[in-house]
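Observations on chain architecture
The primary structure of each chain is shown beneath.
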Amino acid sequence: MKNQDIDSTDNRQLLVWVSFSVFIISILSILVNYQIEIDNPIIHIAYTSGIVYLILSILIKRGLNLVVSQYTIIIISLIFTNLLWFYEHGHYGPVLYVFVLIFALSIFIWQGKKLIISAIVLLINLGVCFYIEFTYQDLIVDYQDKTAKIIDVYASLFMLLIIFYALMMAVKKSYSREYEKALQSDKLKSSFLENINHEVRTPLNAIVGFSSLLNEDDITPDQRKDYSTLIMESNDALLRIIDDILLVSTLESNDATNNVGYCNLDDVISGLHKTFSERLIKTKKQNSIALYVSEPNVSAIIETDKIRIQQVFIRLMDNAIKFTNSGKINFGYRVEQDNILFHIADTGTGIKKKFHSKIFDRFYKVNPDEEELFKGTGIGLFITKKIVESLNGEIWLSSIYGSGTTFYFSIPKTGFKEVNPN
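Parameters at a glance
Residues numbered from 1 in each chain as written. Predicted model: local features only at pLDDT ≥ 70, side-chain atom pairs only at ≥ 80, totals over all residues. Heavy atoms only, no water. Pairing = 2+ DSSP bridges. Helix = DSSP H or I, 4+ residues; strand = E, 2+ residues; numbered from the N terminus. Contact = heavy atoms within 4.5 Å. Axes fitted to C-alpha atoms, helices over the stretch in contact; angles between N-to-C directions. Buried < 20%, exposed > 50% of the residue type's maximum accessible area, 1.4 Å probe, protein only. Patch = residues over 30% accessible without salt bridge, like charges linked within 9 Å, V, L, I, M, F, W, Y side chains within 5 Å. Areas by Shrake-Rupley, 256 points an atom, 1.4 Å probe, with all protein chains shown as cover. Salt bridge = Lys/Arg side-chain N within 4 Å of Asp/Glu carboxyl O. Core = buried A, V, L, I, M, F, W, Y, C linked by side-chain atoms within 4.5 Å. Expected span 1.5 Å × (residues − 1). Polar contact = N/O pair within 3.5 Å; in protein donor to acceptor, adjacent residues only side chain to side chain. Parallel < 35°, antiparallel > 145°, perpendicular 65-115°, else oblique. Nonpolar A, V, L, I, M, F, W, Y, C, P; charged D, E, K, R; others polar. Phe/Tyr/Trp six-rings, centres within 6.5 Å; stacked < 30°, edge-to-face > 60°. Lys NZ or Arg CZ within 6 Å of the ring centre and 35° of its normal.

Another point: the sheet that holds strand β3 (residues 300–304). A sheet is described by the order of its strands in space; here three strands give the open sequence β1-β3-β8, paired in antiparallel fashion. A single partner strand is all that each edge strand has here, and the edge strands are β1 (261–264) and β8 (417–418). With four bridges connecting them, β1 and β3 associate as antiparallel partners. Across the sheet, Gly261 pairs through a bridge with Thr304, a residue of β3. Seen against the sheet, helix α8 (residues 265–282) touches β1 and β3 and runs at an angle of roughly 60° to β1.

Spelled out as structure tokens, the structure:
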């Protein structure tokens with residue numbers, strides 16, 4: 001969706017620039033035609049096209065439907081081009097250049113079947129012009145003198161270069177954006193592989209190292225117990241990494257299936273509170289972070305995938321614990337008109353506003369040159385977003401750097417039932 005929005009914006013800007021360029025060209029054409037004394041119809045066409053394209057550029061800029069704008073500008077351009085061809089000396093004049101530019105514009109704004117249809121219409125139009133000029137040669141007259149022809153052709157070529165410039169700048173802008181995206185993607189993939197290498201090796205080394213220590217004869221029972229605990233924790237960490245990698249692959253290939261059933265949200269929240277109370281103890285933050293559950297406005301049962309809801313909460317709560325050294329973490333849900341709105345709020349480091357639009361991107365992590373680098377693969381929030389979207393929901397955040405972050409996600413309240421209604 002993001003890419004489509006960018007493409008639509010680029011197309012709209014291109015149409016605005018083309019329309020305004022034709023308006024400028026029409027003004028220049030009027031001045032040139034006065035100088036070389038072209039027939040009055042040409043002047044009228046220039047006046048009319050100038051007014052039409054000025055209005056069109058304003059309408060497109062103000063939000064005229066993009067598809068309507070595309071059809072309108074192509075149709076109007078063909079109408080004026082055919083009039084110019086008839087009144088500006090057919091193939092003797094510069095109008096053939098205009099047909100080329102219209103075709104180029106079609107390539108920019110359309111693709112697939114629309115582009116094929118546009119090319120066919122343009123070729124038929126050219127064929128009709130050729131047939132008329134070839135069959136009825138007297139209808140198309142040459143310039144009155146050589147000087148008029150030279151001035152008209154070169155002036156027209158200069159004006160057409162203005163539109164060509166607008167088209168080429170659009171190409172350059174699009175290419176530059178895609179090139180930057182490719183570089184960023186390569187950089188993020190490299191960073192991801194480095195993170196994976198580190199994240200996998202760390203628990204593996206712990207498992208191998210402490211497993212070998214278990215075979216030593218001189219260790220005490222307490223040491224053996226501690227080593228076993230560390231091995232289990234490293235094993236859990238490794239399994240989480242592998243699960244994340246497999247889940248990314250499943251979600252991106254759209255092979256993920258949801259096991260929809262009735263889900264008591266109070267039970268889910270209660271279970272999560274117990275899980276993360278234990279997590280705080282394991283991370284030795286139970287004395288520095290208070291864990292709160294917000295009371296829902298209505299206790300609810302809905303039809304959804306309970307496991308998916310838990311997966312989202314687990315990743316968001318893990319982040320909240322990771323980035324909060326002291327303070328509190330609050331989570332819960334509330335029933336709204338059409339949705340169930342969940343939240344996870346912490347008083348941690350917060351996220352700078354410039355990172356808000358990128359935080360859910362695949363492989364993205366805050367630049368270690370600008371922020372403290374925390375452990376992680378950079379796919380947790382990407383997975384979270386994909387899971388929420390698989391539930392037909394949305395996810396977003398609100399954060400003040402240095403004060404904390406609140407993540408929100410909402411899903412439809414399908415099959416909603418109130419628990420113990422009064």
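This brings us to helix α10 (residues 380–390). Buried within α10 we find Leu381, Phe382, Ile383, Thr384, Ile387 and Val388. Following α10 by one or two positions, Asn392 adopts a phi angle in the positive range, close to 60°.

The phi torsion at Lys284 lies on the positive side, around 60°, for a residue other than glycine. Within the fold, Lys284 resides in the loop between α8 and β2 (289–293). Judged by its relative accessible area of 74%, Lys284 falls in the exposed class. Despite not being glycine, Asn392 has its phi angle at roughly 60°, a positive value. For Asn392, the position within the fold is in the loop between α10 and β6 (394–400).

Moving on: a nonpolar patch on the surface. The grouping of Val67, Tyr71, Ile75, Ile79, Leu83, Phe86, Tyr87, Phe130, Tyr131, Phe134, Tyr136 and Leu139 at the surface amounts to a nonpolar patch, some 1,200 Å² of accessible area in total. Mapped onto the nonpolar patch, the elements with two or more residues apiece are α3 (66–87) and α5 (113–135). Residue contributions to the nonpolar patch peak at seven residues, all from α3. Of note, Tyr131 is situated in helix α5.

As summarised here, the arrangement of the five strands in space is β2-β4-β5-β7-β6, forming an open sheet in which the pairing is mixed. Each edge of the open sheet carries a strand with a single partner, namely β2 and β6. Averaged over neighbouring strand pairs, the angle between their axes works out to 10° when direction is ignored. Alignment of β2 against strand β4 (residues 327–335), held across five bridges, turns out to be parallel. Opposite Ile289, over in β4, you have Gly327 as the bridge partner. Lying over the sheet, helix α9 (residues 306–322) contacts β2, β4, β5 (339–346), β6 and β7 (404–412), oriented at roughly 20° with respect to β5. Together, β6 and β7 form the strand contacts of α10, whose direction differs from that of β6 by roughly 140°.

A word on the nonpolar core. Generally speaking, soluble globular proteins have nonpolar side chains that are buried together. Among the nonpolar cores identified, the biggest contains 44 residues, and Phe313, Phe342, Ile344 and Phe409 are the most heavily contacted of them. With seven residues, α9 is the single largest residue contributor to this core. The residues contacting Phe313, other than those within four sequence positions of it, are Ile269, Leu272, Phe276, Phe331, Gly332, Phe342, His343, Ile344 and Phe409.

Helix length check: α3 (22 residues) gives 32 Å between terminal C-alpha atoms against 32 Å at 1.5 Å per residue, within 8%. Where α3 begins, the side chain of Asn65 points an oxygen toward the backbone nitrogen of Val67, at a separation of 3.0 Å. One or two positions beyond α3, positive phi appears at His89, with a value near 70°.

What follows covers the pattern of salt bridges. Opposite charge on two side chains permits them to pair, given that their charged atoms come into close proximity. Tallying each qualifying case throughout the model produces one salt bridge. The salt bridge involving Arg279 is made with Asp318; its shortest N-O contact spans 2.3 Å. Of the two residues, Arg279 is situated in helix α8 and Asp318 in helix α9; the sequence distance between them amounts to 39 residues.

Quick look at the packing of helix α4 (residues 95–109) against α5 now. One way to put it is that α4 packs onto α5 with a least axis distance of 9 Å and a crossing angle of 170°. Between α4 and α5, the interaxial angle falls into the category roughly antiparallel. For the pair formed by α4 and α5, the contact residues are Leu96, Phe99, Ile102, Phe103, Ser106 and Ile107 on the first element and Leu115, Ser118, Ala119, Leu122, Asn125, Leu126 and Cys129 on the second. Of the residues assigned to the contact of α4 with α5, the class counts are ten nonpolar, three polar and no charged.

Here the focus is the packing of aromatic side chains. Using the criterion set out here, one finds twelve aromatic pairs in the structure. An angle of 50° between the planes, with centres 5.2 Å apart, marks the rings of Tyr71 and Trp110 as tilted. Here Trp110 lies in the loop between α4 and α5 and Tyr71 lies in helix α3, a separation of 39 residues in the sequence. On the basis of relative accessibility, which here comes to 40%, the residue Tyr71 falls in the partly exposed class. Across the ring face of Phe416, the terminal group of Lys413 is positioned such that the distance to the ring centre comes to 4.8 Å.

Among the secondary structure elements, Ile289 is positioned in strand β2. Ile289 sits in the buried class, given a relative accessible area of 4%. Sequence-wise, Ile289 and Ser277 are twelve residues apart; in three dimensions their C-alpha atoms are separated by 9.8 Å. Apart from the residues within four sequence positions on either side, Ile289 is in contact with Leu280, Ile321, Thr324, Asn325, Ser326, Gly327, Lys328 and Ile329.

Burial along β6 is one-sided: Ile395, Leu397 and Ser399 are buried, and none of Glu394, Trp396, Ser398 and Ile400, which face the opposite way, are. Where β6 and β7 come together, seven bridges link them in antiparallel fashion. When the sheet's bridge partners are listed, Trp396 is paired in β7 with Tyr408. Counting the residues that bridge the hairpin from β6 to β7 gives three residues, and of these Gly402 lies at a positive phi of roughly 95°.

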